Amino acid sequence: MITSLVTGGAGFLGSHLCDRLLKESHRVVCVDNLLTGNKNNIAHLFDRDDFTFLEHDVTRPFEIDGPLDNVLHFASPASPIDYLELPIQTLKVGSLGTHNTLGLAMAKRARYLLASTSEVYGDPLVHPQPESYWGNVNPVGPRGVYDEAKRFAEAMVMAYHRVHAVDTRIVRIFNTYGPRMRPHDGRVVPAFIDQALRGEPLTVFGDGLQTRSFCFVDDLVEGIFRLLISEVTDPVNIGNPHEMTVLEFAEKITELIDSDSEVVFKPLPIDDPKTRQPDISNARRQLEWEPIVSLEEGLTKTIEYFRELFLPSERK
Ligand code: NAD
Ligand code: UDP
């Protein structure tokens, strides 16, 4: 039986990944200190013999009994408001957490997959962003704690690959959404859905003309799984190239929720990237992967999740 360890497995993406690996008949060890995650995301797995939860901060060394085939490092604050509130934890989980988990993978001769991010491209000067682009990051701005932690993590992974021959993978994840996001994690998808469901104004930062490209979680997890079982050791972008402005996104949310919420403009966060769209040519060619869930379909499922979370009485 294949055993996979997922750090950050009680978070949004990590919990979906645990589900997927269990579906592939892996035994799963989930390691999380619940900093931004929640046990509710994995509560449905606690009774299973093939699932183990270990509450632990991966910036501190740890050991696991028995063999491990894969180590997938997903632990890290990921929402801008989280990493701006937790700058040192973010830097530590990207550096010490990556070092500790790479050491574990090396000791177990396990394959290692790092959850990296489109933020390694910073406020990009190349559009869309191919993996070959080196990025435009402000190391000393508030956002730098996340961007540089992930850039360091990628460098550390490649060093372990080159020096210690650890079998590594790097996925650069672009904005992904879906059920199990925290309603108040500050990211635009849960923020707008929450506001529209409550009939409150949608908080658009800046002029709303900055762009993002949103990927549904099921598509992302499929891409990550394909990367894990592939032989591709260079970083691979996984995301949905369907790009839109934040204002267009606000309109889409109010339309799908049939809400009469207005838009209010708030200051743009420092160093907020002006554009973002993945170039997924490599994923298409090397993994035969591309997203298949439309924005409407993915958002409808996500809105349903938030309705269940907030308004159970309205549905009865
Ligand atoms: P999340 O906040 O829901 O999940 C992160 C998880 O990591 C949480 O459960 C948290 O408790 C855990 N964690 C944080 N620090 C830890 C530590 N020191 N030790 C153990 N556990 C720790 O965020 P997410 O959106 O699921 O993101 C997961 C990963 O994917 C992150 O590494 C993030 O950088 C990356 N990513 C996500 C997106 C996205 O759009 N969701 C985009 C790019 C990259
Ligand atoms: N944003 C917004 N209103 C919000 C939250 C975010 O206008 O309430 C904007 C944010 O400034 C950014 C985009 O939406 O331009 C995506 O933000 P998010 O935090 O989801 O992810 P990012 O891509 O910035 O990491």
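Just so you know, these numbers come straight off a predicted model, no measurement behind them.

Rules behind the numbers
Residues numbered from 1 in each chain as written. Chains lettered and ligands numbered in written order. Predicted model: local features only at pLDDT ≥ 70, side-chain atom pairs only at ≥ 80, totals over all residues. Heavy atoms only, no water. Near = heavy atom within 4 Å. Polar contact = N/O pair within 3.5 Å; in protein donor to acceptor, adjacent residues only side chain to side chain. Areas by Shrake-Rupley, 256 points an atom, 1.4 Å probe, with all protein chains shown as cover. Helix = DSSP H or I, 4+ residues; strand = E, 2+ residues; numbered from the N terminus. Pairing = 2+ DSSP bridges. Axes fitted to C-alpha atoms, helices over the stretch in contact; angles between N-to-C directions. Contact = heavy atoms within 4.5 Å. Parallel < 35°, antiparallel > 145°, perpendicular 65-115°, else oblique. Left-handed = near helix turned anticlockwise from the far one by under 90°. Nonpolar A, V, L, I, M, F, W, Y, C, P; charged D, E, K, R; others polar. Expected span 1.5 Å × (residues − 1). Buried < 20%, exposed > 50% of the residue type's maximum accessible area, 1.4 Å probe, protein only. Core = buried A, V, L, I, M, F, W, Y, C linked by side-chain atoms within 4.5 Å. Phe/Tyr/Trp six-rings, centres within 6.5 Å; stacked < 30°, edge-to-face > 60°.

Undergrad: Before we go on, may I ask you to explain the site of ligand 1 in this structure?
TA: Not every one of the 29 residues close to ligand 1 is listed here, only the nearest: L13, D32, T36, Y146 and K150. Within the backbone of V58, one N or O atom sits 3.0 Å away from a nitrogen atom of ligand 1. Taking F74, its main chain carries an N or O atom lying 3.0 Å from an oxygen atom of ligand 1. When ligand 1 sits alone it has 830 Å² of accessible area, and the protein chains cover 96% of it. Listing elements by their share of the shell around ligand 1, those giving two or more residues are α1 (12-23), β5 (111-117) and α4 (144-164). Top contributing element to the shell around ligand 1 by residue count: β5, with three residues.

Undergrad: Got a minute to help me understand the sheet that holds strand β11 (residues 236-238) in this structure?
TA: Backbone-to-backbone hydrogen bonds join strands into a sheet, with any given pair of strands oriented parallel or antiparallel. The strand order across the open sheet built from seven strands is β3-β2-β1-β4-β5-β6-β11, with neighbouring strands paired in parallel fashion. Each edge of the open sheet is held by one strand with a lone partner, namely β3 (51-55) and β11. Put simply, the sheet's adjacent strands are angled 20° from each other on average, direction ignored. Relative to strand β4 (residues 70-73), strand β1 (residues 3-7) is paired through four bridges, and the arrangement is parallel. Of the residues in β4, the one forming a bridge with L5 is V71. Sheet contacts for α1: β1, β2 (27-32), β3, β4 and β6 (168-173); angle to β1, the most-contacted strand, approximately 170°. Against the sheet, helix α6 (residues 217-229) makes contact with β4, β5, β6 and β11, and its axis sits at roughly 160° relative to β6, the strand it touches most.

Undergrad: How should the environment of L202 be read in this particular structure?
TA: Looking at where L202 falls in the secondary structure, it is placed in strand β8 (residues 202-205). In this structure, the C-alpha to C-alpha distance between L202 and K108, residues 94 residues apart in sequence, is 48 Å. Apart from the residues lying within four places of it in its own chain, the contact partners of L202 are F192, Q195, A196, A250, T254, S261, E262, V263 and V264.

Undergrad: Looking at this model, I keep getting lost on the site of ligand 2. Mind explaining?
TA: Around ligand 2 sit 18 residues in total, of which T203, F205, R212, D272 and R276 are the nearest. The separation between an oxygen atom of ligand 2 and a polar side-chain atom of Q210 is 3.1 Å. In isolation ligand 2 has 520 Å² of accessible area, and contact with the protein removes 95% of it.

Undergrad: Explanation requested: the packing of helix α5 (residues 188-198) against helix α7 (residues 246-257) in the structure shown.
TA: When two helices pack together, their arrangement is given by the angle between the helix axes and by the axis-to-axis distance. Relative orientation of the contacting elements α5 and α7 amounts to 40°, with a least axis distance of 10 Å. Considering the angle they form, α5 stands oblique to α7. Here α5 and α7 pass one another in a crossing that is right-handed. Residue-level inspection shows V188, V189, F192, I193, A196 and L197 of α5 in contact with α7, the latter providing V246, F249, A250, I253 and I257. Of the residues assigned to the contact of α5 with α7, the class counts are eleven nonpolar, no polar and no charged.

Undergrad: Got a minute to help me understand α1 in this structure?
TA: Quick reminder: α-helices carry 3.6 residues per turn. Residues three or four places apart thus point the same way. For α1, with twelve residues, the first-to-last C-alpha span of 17 Å sits near the 16 Å given by 1.5 Å per residue. The buried count for α1 comes to eleven of twelve residues, which makes it a mostly enclosed element. All of the buried residues along α1 are F12, L13, G14, S15, H16, L17, C18, D19, R20, L21 and L22. Residue S25 follows α1 closely and has a positive phi angle near 70°.

Undergrad: Sorry, what's going on with the nonpolar core here?
TA: In a soluble, globular protein the nonpolar side chains are often hidden away together inside. If you look at the biggest cluster of nonpolar residues, it comprises 56 residues, and the most contacted ones within it are F74 and F249. Looking at which element gives the most residues to this core, the answer is α6, with seven residues. The contacts of F249, once residues within four sequence positions are left out, are V188, V189, F192, F214, M244, L295 and L299. Membership of the second largest hydrophobic core comes to 23 residues, among which are L68, V93, L114 and V166.

Undergrad: Explanation requested: the packing of α5 against helix α9 (residues 295-310) in the structure shown.
TA: Contact geometry for α5 and α9: axes closest at 10 Å, N-to-C directions at 60°. With respect to each other, α5 and α9 are oriented oblique. In the crossing of α5 with α9, the sense of the turn from one axis to the other is right-handed. Together, V189, P190, I193, D194, L197 and R198 of α5 and L299, T302, I303, F306, R307 and F310 of α9 make up the contact between the two elements.

Undergrad: Would you take a moment to explain the packing of aromatic side chains for this structure?
TA: Each aromatic ring pair is specified by the distance between its two centres and by the angle formed by the two planes. Using the criterion set out here, one finds ten aromatic pairs in the structure. Summarising the aromatic geometry, the rings of Y83 and Y146 are spaced 4.3 Å apart at their centres and angled 0° between planes, so their arrangement reads as stacked. Linking Y83 in helix α2 (residues 80-85) with Y146 in helix α4, this pair joins segments that are 63 residues apart in sequence. Note on Y83: relative accessible area 1%, which makes it buried.

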